[in-house]
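Structural overview
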Amino acid sequence: MHSRWNEEESLQFKTDLELRVYTSQLLGRDPALVLHGGGNTSVKITEKNILGENEELLYVKGSGWDLEFIEAPGFAPVRLNHLLKLAKLDVLSDPEMVNELKTQMTNASAPTPSVEAILHAALPYKYVDHTHANAIVTITNTEDGRKRIEEIYGDTVVIIDYIMPGFDLAKQCAKQFASEASAKTQGMILMNHGIFTFGPTAREAYEMMITLVDKAEKYLIQQDAWKITLSTPNKNSFSKRNILPALRKNVSKAAGTAMILRCSEHEKAKSFSAKQNVSKISQQGPATPDHVIRTKQLPMIGTDVDAYTSAYKKYFELNSAQAKDKKAMLDSAPRVILDKTLGMLCVGKTIKDACIVEDIYLHTIDIIQRAEKLGGYKALPDQDIFDMEYWDLEQAKLKKGGKAPVFQGEVALVTGAASGIGKACVSSLLARGAAVVALDINPEIESAFETTSYLGLSCDINSQTQIKQSLEQAVTHFGGIDMLVLNAGMFPGGFKIAELEVDIWRKVMQVNVDANQFILKSAFHILQHAPNGGRVVIMGSKNVPAPGPGAAAYSASKAALTQLARIASLEWGEHNIRVNTLHPDAVFDTGIWTDEVLQARAAHYGIGVEQYKRKNILKTEITSHDVGELTAELCSPIFSKTTGAQIPIDGGNDRVI
Ligand code: ZN
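Before going into details, it helps to say that this report is about the structure given with it.

What counts and how
- Residues numbered from 1 in each chain as written.
- Predicted model: local features only at pLDDT ≥ 70, side-chain atom pairs only at ≥ 80, totals over all residues.
- Heavy atoms only, no water.
- Donors = N, O, S within 2.8 Å, 3.2 Å for Na, K, Ca; no water.
- Tetrahedral: all angles 85-135°; square planar, octahedral: opposite > 155°, others 65-115°.
- Buried < 20%, exposed > 50% of the residue type's maximum accessible area, 1.4 Å probe, protein only.
- Pairing = 2+ DSSP bridges.
- Helix = DSSP H or I, 4+ residues; strand = E, 2+ residues; numbered from the N terminus.
- Axes fitted to C-alpha atoms, helices over the stretch in contact; angles between N-to-C directions.
- Contact = heavy atoms within 4.5 Å.
- Parallel < 35°, antiparallel > 145°, perpendicular 65-115°, else oblique.
- Left-handed = near helix turned anticlockwise from the far one by under 90°.
- Nonpolar A, V, L, I, M, F, W, Y, C, P; charged D, E, K, R; others polar.
- Patch = residues over 30% accessible without salt bridge, like charges linked within 9 Å, V, L, I, M, F, W, Y side chains within 5 Å.
- Areas by Shrake-Rupley, 256 points an atom, 1.4 Å probe, with all protein chains shown as cover.
- Salt bridge = Lys/Arg side-chain N within 4 Å of Asp/Glu carboxyl O.

Some words on the coordination of the zinc ion
Protein coordination of the zinc ion is provided by Glu116 (OE), His130 (NE2), His132 (NE2) and His193 (NE2), with donor distances spanning 2.1 to 2.7 Å. Coordination at the zinc ion comes from four donor atoms whose angles at the metal span 85 to 160°, giving a geometry best classed as irregular. Here the donor residues of the zinc ion are spaced in sequence according to E-x13-H-x1-H-x60-H. The pair formed by histidine 130 and histidine 132 is uniform in burial state, with each residue classed as buried.

Structural notes on the sheet that holds strand E14 (residues 454-458)
Judged by pairing direction, the sheet is parallel, and its seven strands sit side by side in the order E14-E13-E12-E15-E16-E17-E18 without closing on themselves. Looking at strand neighbours, the two that pair on one side only are E14 and strand E18 (646-649), the edges of this open sheet. Taken over all neighbouring pairs, the strand axes of this sheet differ in orientation by 15° on average, direction set aside. Against the sheet, helix H20 (residues 464-478) contacts strand E12 (411-415), strand E13 (435-440) and E14, and its axis sits at roughly 165° relative to E14.

Notes on the packing of H20 against helix H21 (residues 502-527)
Two numbers describe how H20 lies on H21: the axes approach to 10 Å, and their chain directions differ by 30°. The pairing of H20 with H21 is recorded here as roughly parallel in orientation. Considering the relative orientation of H20 and H21, their crossing is right-handed. Within the contact between the two elements, H20 uses Gln464, Ile467, Lys468, Leu471 and Val475 and H21 uses Ala515, Phe518, Ile519, Ser522, Ala523 and Ile526. When the residues that make up the contact of H20 with H21 are grouped by side-chain class, the tally is eight nonpolar, two polar and one charged.

Topic: the sheet that holds strand E10 (residues 336-339)
Within the open sheet, the four strands sit side by side as E8-E11-E10-E9. Their pairing is mixed. The sheet is open, and its two edges are formed by strand E8 (260-263) and strand E9 (300-301), each paired on a single side. Note that E9 and E10 share two bridges and pair parallel. Of the residues in E10, the one forming a bridge with methionine 300 is isoleucine 337.

Describing a nonpolar patch on the surface
Together, Ile617, Leu618 and Ile657 make up an exposed nonpolar region whose accessible area comes to about 370 Å². With respect to the helices and strands, the residue isoleucine 617 is situated in the loop between helix H24 (609-613) and helix H25 (624-635). Of the residues examined, isoleucine 617 reaches a relative accessible area of 47% and is grouped as partly exposed.

Remarks on the pairing of strand E4 (residues 127-131)
With respect to burial, E4 is a largely interior element, five of its five residues being buried. Burial along E4 is two-sided: Tyr127, Asp129 and Thr131 facing one way and Val128 and His130 facing the other are all buried. Pairing geometry for strand E1 (residues 40-48) and E4, over four bridges, is antiparallel. By the bridge assignment, serine 42 is partnered in E4 with valine 128. Two elements, E4 and strand E7 (residues 194-199), share five bridges in a ladder whose sense is antiparallel. The residue of E7 that forms the bridge with aspartate 129 is threonine 197.

So, in structure tokens, the structure goes:
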């Protein structure tokens, strides 16, 4: 472990609070110290209040901020004296504590102070740094962890036995620190939790964190418990798309809502999952309380979710009567599933959550394997994990955040998605919280959207191999597919039947009908496991109900596709898959409609371009965005009782009506 302090960089940070921001970011940049919102820091500053009086404030990290990216507004100013008085109380419930923290802030718009604020206040130093450093957690999560910590640090640290974060921990730390700290004290180690360092300057507190954690890392190296050799698991050739969607459905059932299931591609995850003793070493609980909520206590071994769910429920019933009151909130879905064949699967309400679970568990794997080398990994006792999971403050965190987007935890696949209507469908689905797999023959698809919810894949839908590969990638990435939007198609240009070459006819049929039939066939086994039921939207055309001369191949192919969709709706209803068709017309903001083409068409009718665009009953212009929005809504619960429908989106056409 090395210090990331950079003298030149540090010069940009001048005030006490700015320097607090700087070293907090330094801590946040090192994943061996801080992961995804873990850890917290503070600085004590005297400021003049509005009455002109001097007031001592604790600026402590606010919830919702990640140390890596924290800025000054991420620190909540709380009256220090009040916190010190609170630390002297005998008892203070969690809700009372949160209330005190919030009402003693001097800035109403600051974030909620960290639940470890009282602990920060109680340490008599200007700067206080706290992390859940991997090396410390590794050593303290072993049978004789305390002895090892004493061996490494001697009397330079105060050691606190495990207590759940909150008021009791703050009180215990304040008490022990007051009686045990001496001139030699450099830090404080919290068993099964992490480490505190402190100092008169931001740099000293930070450098001491690096020094002490470095000692722990060196100890692990010296004990030959640092380097982990990866065994290569057997290569399996099987289709994830035949297995994962059904598993995801069960996980979602246990969660009570649709969940994303991500299959980790990380070698470390694959090798750990395939280990002989994985069931023993992985089932002993999380490494630190900070990981409990986000990795949902014990990872699950094997893919029998029903067995896991019932074991999990029993675990809570046995552990406490509290579980009965809070049963309604019980989401018993595992967040990590380890399977010898499938590897490591990470579960989350969103892909972002699943990625955080993956990241945290990859670090947990290091911690477990290193602790195993130290003589055996030993996590928190069951009761402590239970308390943590039901901790009032954690529950409050989970409940926050308002209404979930309509497609949260769901996955859509859109074909022909690089431009026009397809791209608009992707936008509308992403905007409603879906993870979206977008296919197109144009390789630009791979980087069309920049969000973890988006997976763009180059795919020629005429290639059955490429379709199968794309579905496999979609399932590996997100666990399944809930919504399928078949938009890709081709328009060959105007040919009268007498001039229509058979090759063109066949090509149009191949793209507009054959390819879509193969996608439907291949996606059926995935869609039937959609937790909320599968949904298919087919992009038809006004030419189906109202064909025009010169478009024989196109109109006939879209009519065949519409008929295919109608039959799919008949066959798939019993599998809870809805299939509906949209018939757009005159969507002019797509690639085919260049300005010249538009002008030519308008001239043909002897009208202006704007008038031509609104040549429909409602005299309205139809955009790709309109079609994207209707496509997304067709997949939403509003249309949950509709299947086999054909819906025009054309501004009203007297030939269709
Ligand atoms: Zn902590």
